[in-house]
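# Topology and contacts: notes
The residues making up each chain are set out below.
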Amino acid sequence: MSSASLSTLASALLSGTVKVVDLTAPLGPETPVLYLPPQFGKNTPKVAVHTISAYDQDGPFWAWNWLELGEHTGTHFDAPCHWITGKDNENNTTDTIPPQNFVAPVNVIDRSKEAEADPDYLLTVESIQEWEAEHGEIEAGSWVLMRSDWYKRNGSTETFLNADENGPHSPGPTAEAIQYLLSKGIIGWGQETVGTDAGSAGGMNPPFPAHNLMHGAGKYGLASLSNLDQLPAKGAILIAAPLKLVKGTGSPVRALALITG
Ligand code: MN
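Read on for an overview of the structure.

### Looking at the layout of surface pockets
What the largest pocket holds in volume is close to 840 Å³. Every residue lining the largest pocket is counted, 36 residues in all, and those nearest its centre are L34, Y35, L36, V194 and F208. Tallied by class, the residues present in the lining of the largest pocket amount to 16 nonpolar, 16 polar and 4 charged.

### So, the packing of aromatic side chains
Counted by the stated rule, this structure contains 5 aromatic pairs. Consider the rings of F61 and W62, whose centres lie 6.2 Å apart with planes at 70°: the pair is edge-to-face. Grouped by ring-pair contacts, the aromatic residues F77, F102, W143 and Y220 constitute a single cluster. Here R153 stacks its cationic end above the ring of W150, 3.8 Å away from the centre of that ring.

### Let's talk about the coordination of the manganese ion
Surrounding the manganese ion are the protein donor atoms H72 (ND1), H76 (NE2) and D78 (OD), which sit 2.1 to 2.3 Å from the metal. Here the donor residues for the manganese ion map to a single chain with the spacing H-x3-H-x1-D.

### Brief notes about the pairing of strand 5 (residues 103–110)
Note: strand 5 against strand 13 (residues 236–239), 4 bridges, orientation antiparallel. What sits directly across from P105, in strand 13, is I237. Looking at chain direction, strand 5 and strand 7 (residues 143–147) are connected through 5 bridges and run parallel. Counted as the bridge partner of I109 is M146 from strand 7.

### A short note on the packing of helix 3 (residues 125–135) against helix 5 (residues 175–183)
The contact between helix 3 and helix 5 brings their axes to 8 Å, and the two run at 45°. With respect to their mutual orientation, helix 3 and helix 5 come out oblique. In this structure, helix 3 contributes V125, I128, Q129 and E132 to the contact, and helix 5 contributes E176, A177, Y180 and L181. In the contact of helix 3 with helix 5, the residues fall into 5 nonpolar, 1 polar and 2 charged.

The rules we used
- Counting restarts for each chain: residues are numbered from 1 in the order of the written sequence.
- The model is predicted, so local features are restricted to residues of pLDDT at least 70 and side-chain atom pairs to those at 80 or more, both for listing and for counting; the totals for chains, interfaces and linings are taken over all residues.
- Only hydrogens and water are set aside; all other atoms, that is, all heavy atoms of the structure, feed into the side-chain values.
- A cavity here means a set of 1 Å grid points, computed over protein atoms only, where a 1.4 Å probe fits but cannot escape. A pocket is an open set with protein on both sides within 12 Å along at least 5 of 7 lines, and lining residues have an atom within 4 Å of a point.
- Grid points are joined across faces, edges and corners, and a volume is the space filled by probe spheres set on the points.
- Only Asp, Glu, Lys and Arg are considered charged in this grouping, and only Ala, Val, Leu, Ile, Met, Phe, Trp, Tyr, Cys and Pro are considered nonpolar; every other residue, Gly among them, is considered polar.
- Two rings belonging to Phe, Tyr or Trp (six-membered ring only in the last case) form a pair when the distance between their centres is within 6.5 Å. Interplanar angles under 30 degrees mark stacking, angles over 60 mark edge-to-face geometry, and anything in between is tilted.
- Criterion for a charge above a ring: Arg CZ or Lys NZ at most 6 Å from the ring centre, at most 35 degrees from the ring normal.
- Each metal's donors are the N, O and S atoms found within 2.8 Å of it, except that Na, K and Ca use a 3.2 Å limit; water is left out, so coordination can look incomplete.
- The pairing criterion for strands is at least two bridges between them, as found by DSSP.
- Going along the chain from the N terminus, every DSSP run of H or I of four or more residues is numbered as a helix, and every run of E of two or more is numbered as a strand.
- Only the contacting stretch of a helix is used when fitting its axis, a line to C-alpha atoms as for every element, and angles between N-to-C directions run 0 to 180 degrees.
- Each angle is binned into one of four classes, with values under 35 degrees roughly parallel, values over 145 roughly antiparallel, values of 65 to 115 roughly perpendicular, and all other values oblique.
- Only heavy atoms matter for contacts: two residues are in contact if any of them lie within 4.5 Å across the pair.

Now the structure itself:
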């Protein structure tokens, strides 16, 4: 690529013809976190912000805090080592993933109407193929995100997790859909719900396919994304870089998209 391409991008950023969309939910004590069924053991804690000083006797000229938060909290990145299927892959932790993989084209499959009509909505292979017929093929090396407008529930743990006595009800992909996307060579799968899988994914084969299959293949996940309704079906660039946590299984991210408009 010639340096002219980057110059063009630089001009477009400065003039505002390329815009930056924030795909990130606010991260704080109110951020909803996943609650696993009791048989699975421990859960991730809610975010806690501890004051070190706030221009006071503990630090007269400065304010700073220390944080208590899980790797998989809020808008976050799943590294392949997050799942047992990806534990032996190369470069499977947040500190070893090649940085080139943090910037990639993104496909956005809008299933907001379907998810509104049915919170247990599952994205199928046929549905992806219909999307491709309309918008073009999903290319190798790109991200695929499902828009559900679920992020609008992110202010409340109850509506975001949407659980009842039968478990959580939230949209996601079928195992076959993930297999299909992997056959296209995608780099990662993401959505707006608390995790990358549907609420009903524990009963799928394999259980939690967006985790099991994606991470087994050395690919990535993005959860609790926001504002996917501001992205085109194709043509945007996703920037999602986890903190370089040593041996990290995931990390909160400031996920951004570049769009023209
Ligand atoms: Mn996660």
